[in-house]
Structures are given as structure tokens and as C-alpha cells.
Amino acid sequence: IADVGLVGKPNAGKSTLLSRLTRATPEIASYPFTTRSPNLGVVRMGYSEQFVIADIPGLIEGAHEGIGLGHEFLRHVERTRAFIHLVEPEPMDGTDPLNNYLNIREELRLYDASLMDRQELVVVTKAEIPGAEDTAILLSEEIGKPVMLVSAVTGKGLPELTKKIFDLLNPDEDTWQPPAQKSDE
């Protein structure tokens, strides 16, 4: 359904991020499970480069067993080339961000172990919240890979995330650069 799937727990900021990177207008609310089916958006880079992002409904523990419409949501995850795994720094339910990341990864593995072979970017959302940067650093140390920090509210990190996604999807191409401007000389 898309080049990239946004995965994470409910309220991790998937719909808000989709609305900021694309012209999509998903329902956004401060309560869990606002997204009940995938929302798609197209990210345009320059004149000819683009990719499609799917906002996958929030995954919860037991999703691989069908809990919380888990099978329906996970079927959509299967139909993406890569994941952007969004982690909320201070979840509304008081859970631990690192455990939330690990639980979602485990749900993906239990549903279909081949999903672990997909490319993944890990992103801590809501950078405007105090402690978000500390969460990103801790998460990076614990999982042994880089973790990006973004805010869909302020725009922090969004251009860098867009570039990273493009580079992830197009590993054989040179790093994306904006089209050259014509000069009047």
C-alpha cells in the first residue's frame, strides 16, 4: 500500500506526522485508536521524486493474536517496504518508551518474522516535550542504532527525516538534493 509505514503505539504521533509531511488530512485526536484504517499521503521532493507513507493504526501488545484488530493492522504493515517506528517520549498511559519500542518490534516478529528484515528508522516524536532528547539518547544506546528526534508541532527534524526516508528507499541513488535553480545570467 505504501513505500513506508508509520508504526508505533496509539498516540505516538503517526497521524500528526503524516499530516505535516504530506497533504493528507487524517483524523487527529488526543485519545487512542483515532486511526482505524491506514491513511496514505504522498511526500513530494522537488519536481519528480516522491514516496508514499501509510499511517498504520496503533499496535498494542497481543496484536499478533488479533487483539485490538491486530491482524487487520498488521496486514497493512506487511504491504510496506520500510518502517518508520515512532516512539512517544512520555506516553499518556505512563508506559516506558523503550519497552514500548521493544513490544512493538516483538509483535511484528511474532506476526511474521520476515518483517524484522525490513529497513527501519527509529524516531522519537514530540521533541517539544522536556525529556524527549534524553529519551532519544537512551533509546539509541539501548538498541544500538541511531534514533532521530522530531516534532510535528514545531517542525523540528522534519526535513532531515524526509531526506533519511528518501535515502533509505533509494540506496543506489546519490543523496537527494533539491533541483538546481535556473540562473538569470
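Refer to the preceding data block for the structure.
This report concerns the structure included in the present document.

Definitions and limits used
- Within every chain, residues take consecutive numbers counted from 1 along the sequence as written.
- Where totals are concerned, whole chains, interfaces and linings use all residues; where local detail is concerned, this predicted model gives features only for residues with pLDDT of at least 70, and gives and counts side-chain atom pairs only at 80 or more.
- Only hydrogens and water are set aside; all other atoms, that is, all heavy atoms of the structure, feed into the side-chain values.
- Here, a strand pair is defined by DSSP locating no fewer than two bridges between the strands.
- The helix and strand labels rest on DSSP assignments: H or I over at least four residues marks a helix, E over at least two residues marks a strand, and numbering proceeds from the N terminus.
- For this document, the term salt bridge refers to a Lys or Arg side-chain nitrogen within 4 Å of an Asp or Glu carboxyl oxygen.
- Relative accessibility decides the category of a residue: with a 1.4 Å probe and only protein chains considered, values under 20% of the type maximum give buried, values over 50% give exposed, and everything between is partly exposed.
- Between two residues, a contact is recorded if the distance between any of their heavy atoms is within 4.5 Å.
- To estimate the expected span of a helix, count its residues, drop one, and scale the result by 1.5 Å.
- The arc in question is traced by the directions running from the helix axis to the C-beta atoms.
- By convention, orient the strands away from the viewer: a clockwise path from the first strand over the helix to the second makes the crossover right-handed.

Focus on the pairing of strand E3 (residues 49-55)
Thinking step 1. Examined bridge by bridge, strand E1 (residues 2-7) and E3 share three bridges and lie parallel to one another. Each bridged residue has a counterpart across the sheet, and for leucine 6 the counterpart in E3 is aspartate 55.
Thinking step 2. Here strand E2 (residues 39-45) runs beside E3; their pairing, made up of seven bridges, is antiparallel. Residue pairing in the sheet places valine 43 in a bridge with phenylalanine 51 of E3.

Here we look at the pattern of salt bridges
Thinking step 1. Tallied over the full model, the rule gives seven salt bridges.
Thinking step 2. A salt bridge links aspartate 3 to arginine 81, with the shortest nitrogen-to-oxygen separation between them at 3.2 Å. Pair noted here: aspartate 3 is in strand E1 and arginine 81 is in strand E4 (residues 80-87), with a separation of 78 residues, a long-range link.
Thinking step 3. Connected through salt bridges with shared partners, the residues Arg105, Glu120 and Lys145 form a single ionic network.

Some details on the side chain of threonine 135
Thinking step 1. For threonine 135, the location among the structural elements is in helix H4 (residues 132-143).
Thinking step 2. Exposure remark for threonine 135: the relative accessible area of 15% places this residue in the buried category.
Thinking step 3. When residues no more than four places from it in sequence are discounted, the contact partners of threonine 135 are Pro89, Pro97 and Val124.

Brief notes about helix H5 (residues 158-169)
Thinking step 1. Between its terminal C-alpha atoms H5 stretches 17 Å, which fits the 16 Å expected from twelve residues at 1.5 Å a residue.
Thinking step 2. Among the residues of H5, those classed as buried are Leu158, Leu161, Thr162, Ile165, Phe166, Leu168 and Leu169. Buried residues of H5, viewed axially, fall in a sector of 160 degrees; they line one side.

Let's talk about the pairing of strand E5 (residues 119-124)
Thinking step 1. Among the six residues of E5, five are classified as buried, and the element is accordingly described as predominantly covered.
Thinking step 2. Bridge count between E4 and E5: six bridges; the pairing is parallel. Looking at E5, one finds that valine 87 is bridged to valine 124.
Thinking step 3. For the handedness criterion, the β-α-β arrangement of E4, helix H3 (residues 97-111) and E5 is classed as right-handed.

Details of the environment of isoleucine 137
Thinking step 1. Assignment of secondary structure puts isoleucine 137 in helix H4.
Thinking step 2. Remark: the alpha-carbon pair of isoleucine 137 and methionine 148, spanning eleven residues in sequence, is separated by 9.2 Å.

Points about the environment of proline 97
Thinking step 1. Relative to the helices and strands, proline 97 is located in helix H3.
Thinking step 2. Among the residues examined, proline 97 registers a relative accessible area of 10% and is labelled buried.
Thinking step 3. Considering only alpha carbons, one finds proline 97 and leucine 86, eleven residues apart in sequence, at a separation of 9.9 Å.
Thinking step 4. Excluding its chain neighbours within four sequence positions, the residues that come into contact with proline 97 are Val87, Glu88, Pro89, Pro91 and Thr135.

By themselves, these observations are geometric and do not establish any function.
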